[in-house]
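The chain contents come next:
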Amino acid sequence: MSTAAASSIGAANTSLVKDANLQLKTFNGFRKNTSYSSTYSLLLDTRIHPFTSISSSTSPAVIRAVSTPVKQETAVETKRSKVEIFKEQSNFIRYPLNEELLTDAPNINEAATQLIKFHGSYQQYNRDERGAKSYSFMLRTKNPCGKVSNQLYLAMDDLADQFGIGTLRLTTRQTFQLHGVIKKDLKTVMSTIIKNMGSTLGACGDLNRNVLAPAAPFVRKDYLFAQQTADNIAALLTPQSGFYYDMWVDGEQFMTAEPPEVVKARNDNSHGTNFPDSAEPIYGTQFLPRKFKVAVTVPTDNSVDLLTNDIGVVVVTDDNGEPQGFNLYVGGGMGRTHRMESTFPRLAEPLGYVPKEDILYAVKAIVVTQRENGRRDDRRYSRMKYLIDSWGIDKFRSVVEEYYGKKFEPPKELPEWEFKSHLGWNEQGDGRLFCGLHVDSGRVKGIMKKTLREIIEKYNLNVRITPNQNIVLCDIRPSWKRPITVALAQGGLLPPTYVDPLNITAMACPALPLCPLAITEAERGIPDLLKRVRAVFEKVGLPYNESIVVRVTGCPNGCARPYMAELGLVGDGPNSYQLWLGGTPGQTALAKTFMNKVKIQDLEKVFEPLFHSWKSKRKSKESFGDFTNRVGFEKLQEIVDKWEGVPKSSSRYYLKLFTDKETFEAVDALARVENKSAHQLAMEVIRNFAASQQNGKSQC
């Protein structure tokens, strides 16, 4: 770019003003002898907004996204990460991305690569290929509650074929991922999504990501209220500066009217949460220190992995089922770095209870607390979980309360959490049905993709994506159930009773070949891995209907939430995994590292002793995760180290019943209808026959 062009851009963009007196200061917490309220009062008394940097020169004040200490002469400038500089100089996430998209190069530069994430895209290249990198872009949609209109689904299906790699991927945050879009097609694809009632704005980047909620379209007060709340939180925290529409549809707005309570909460600055006169009243020029995740649900339904989010929101109802307010949980997050104990996964913990009319103000106060105090020097420690871990929940609560303007009430008591898949046929409650369909690793492709397209188009169905990478067909008339069931079966989309229970709860991230962070396989490797787990189950005598939660990621970032699994595999080298144990089926306990650097070919050496010990020593109905926590890792390691193979006694009743493969496969197919293994069904037939002979009968 020429010097003249750079000067022109600098003049037009106030974010690029260079002034030696303008220094970004960061408020790093409270001094021991200074209360928050007194500091805030002093700021008000001196008429200096707490979130504005003031220049001593005649240049106009530049709005920043972090606080300025009262005494500038004593403040020490805090180091900022490179991404913070990119954001500050971007004219609200526009420059230099807008210029990079116009070049003939297949890729974009470093700054633009960071900024395009805010628009919902990541630059990638195929790591399976050797030689020159073949760049492409992954696009991620933003679908609060996983809601996808009929029109948007059909548009995404078309885009996958025309501009992608022919597949759609359902993510663990209830969105689509479209892979393989080349740079010259980005604007066409983005504008098509926008014009078909979709968006990718904020699906990536340092701001609020997609807001989760149970995907089940139940017409119930609590579910409807949870989903409405998720929609409102998503709207509240959506960027307002217009950069997204400027970039992809030439400034044309495609937004529906927002609820008045959302507009009111966003504009409210009675407790110093906003940047006055800023294009981004909540985010400012710097947005958040790192990504931010929110989930909303109802009691017992933990289909959203509530405790893995920065903010967890739970609807609280009265005895008549009327929503009254919300329990709030804060500080969850999965990402970590291998061999850095200062990075860790963390569960959210209770913050308090708020009445329903205050939820947007409470969420905003939490976001602003993280905006002002989250670390901006080292992105490994920028998530809110590290702020809460450093401060403690009591201090964090007190700061949030200042921005909220009220004290939180103690959280209400709730029943135990359960994982609910929402698969199979269910009544919505309005006379119509919904059908939840299992999709391995969320990858919609081949005959499955074609079948879904035909059904969704023919019956004009809306759909929802679940946090477990599955899909729900909504608003089905009862008379359509039979033909849809037949069509689904022909497309390989079977009822959950025909799917291995291990697959129902399993998840994996995309990993290789496109993710630049992946160390080893996840999505491509999990089908074989689950078959191997099932084979070990059979070898040690565990029945077919037995299952555990298995999750696999290609790196420690934890996109498939492996640290909540009963058995988590986290890539830590080529064809090598770190094993995590101790999560629970209800996703309420954090797993812990059990072994490092286990080669993929050696997994059975660990699985066999663990599963055999669980089968032989567990308490009644004790899950694998609960068992490993009770026994302890030291004892489990001893069991693995001394393992000499499955004892004969554990399989003495598992006789060799089949002499040829064809017979076994035929019986196995029949057994799966009853959710059993071939051995189980064969043994039942033999027992029944033996019993009938003892009773003097000649037939079974």
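See the structure printed just above.
Now for a description of the structure that goes with this document. Since the structure is predicted, the reported quantities are computational estimates derived from the model, not experimental observations.

Rules used in this analysis
- Residues numbered from 1 in each chain as written.
- Predicted model: local features only at pLDDT ≥ 70, side-chain atom pairs only at ≥ 80, totals over all residues.
- Heavy atoms only, no water.
- Core = buried A, V, L, I, M, F, W, Y, C linked by side-chain atoms within 4.5 Å.
- Buried < 20%, exposed > 50% of the residue type's maximum accessible area, 1.4 Å probe, protein only.
- Contact = heavy atoms within 4.5 Å.
- Pairing = 2+ DSSP bridges.
- Helix = DSSP H or I, 4+ residues; strand = E, 2+ residues; numbered from the N terminus.
- Expected span 1.5 Å × (residues − 1).
- Polar contact = N/O pair within 3.5 Å; in protein donor to acceptor, adjacent residues only side chain to side chain.
- Axes fitted to C-alpha atoms, helices over the stretch in contact; angles between N-to-C directions.
- Left-handed = near helix turned anticlockwise from the far one by under 90°.
- Nonpolar A, V, L, I, M, F, W, Y, C, P; charged D, E, K, R; others polar.

This part is about the nonpolar core. The biggest cluster of nonpolar side chains holds 112 residues, and the ones touching the most others in it are Tyr153, Leu328, Ile366, Phe396 and Leu473. Excluding its chain neighbours within four sequence positions, the residues that come into contact with leucine 473 are Leu433, Phe434, Cys435, Leu437, Leu452, Ile455, Ile456, Leu461, Asn462, Val463 and Leu488. Counting 41 residues, the second largest nonpolar core, distinct from the first, contains Ala508, Ile526, Val550 and Phe624.

The strands making up a sheet associate through backbone hydrogen bonding, with each pair oriented either parallel or antiparallel. In space, the five strands of this open sheet follow the order β5-β15-β16-β13-β12, with antiparallel pairing throughout. Looking at which strands have only one partner, the edges of the open sheet turn out to be β5 (147-148) and β12 (424-427). Alignment of strand β13 (residues 433-437) against strand β16 (residues 471-476), held across four bridges, turns out to be antiparallel. Note on β16: the bridge partner recorded for leucine 437 is isoleucine 471.

On to helix α17 (residues 526-540). The terminal C-alpha atoms of α17 lie 21 Å apart, and with 15 residues this matches the ideal 21 Å at 1.5 Å per residue to within 8%. With its phi angle positive at about 95 degrees, glycine 541 sits one or two positions after the end of α17.

What follows concerns unusual backbone geometry. With an omega of 5 degrees, the peptide bond between tyrosine 95 and proline 96 qualifies as cis. By the element assignment, proline 96 lies in the loop between α3 (82-88) and α4 (97-100). A cis amide bond links leucine 512 to the next residue, proline 513, at an omega of 15 degrees. Mapped onto the elements, proline 513 comes out in the loop between β17 (507-508) and α17. In this structure, aspartate 277 takes a positive phi of about 60 degrees despite not being glycine.

All right, on to the side chain of asparagine 210 then. Tracing the backbone through its elements, the reader meets asparagine 210 in the loop between α7 (186-195) and α8 (221-236). There is a polar contact of 2.7 Å between the side chain of asparagine 210 and the backbone nitrogen of asparagine 143. Side-chain polar atoms of asparagine 210 contact the backbone oxygen of arginine 173, separated by 2.7 Å. Setting aside chain neighbours within four positions, we find asparagine 210 in contact with Lys142, Asn143, Pro144, Arg173, Gln174, Thr175 and Val294.

So, on to the packing of helix α10 (residues 260-267) against helix α11 (residues 359-373). Helix packing geometry: the angle between the two helix axes and the distance between the axes. Viewed as axis vectors pointing N to C, α10 and α11 meet at an angle of 35 degrees, and their least axial separation amounts to 9 Å. α11 is crossed by α10, and the crossing has right-handed handedness. Two secondary-structure elements touch here, α10 through Glu261, Val262, Lys264, Ala265, Arg266 and Asn267 and α11 through Leu360, Tyr361 and Lys364. In terms of residue class, the contact of α10 with α11 is built from four nonpolar, one polar and four charged.

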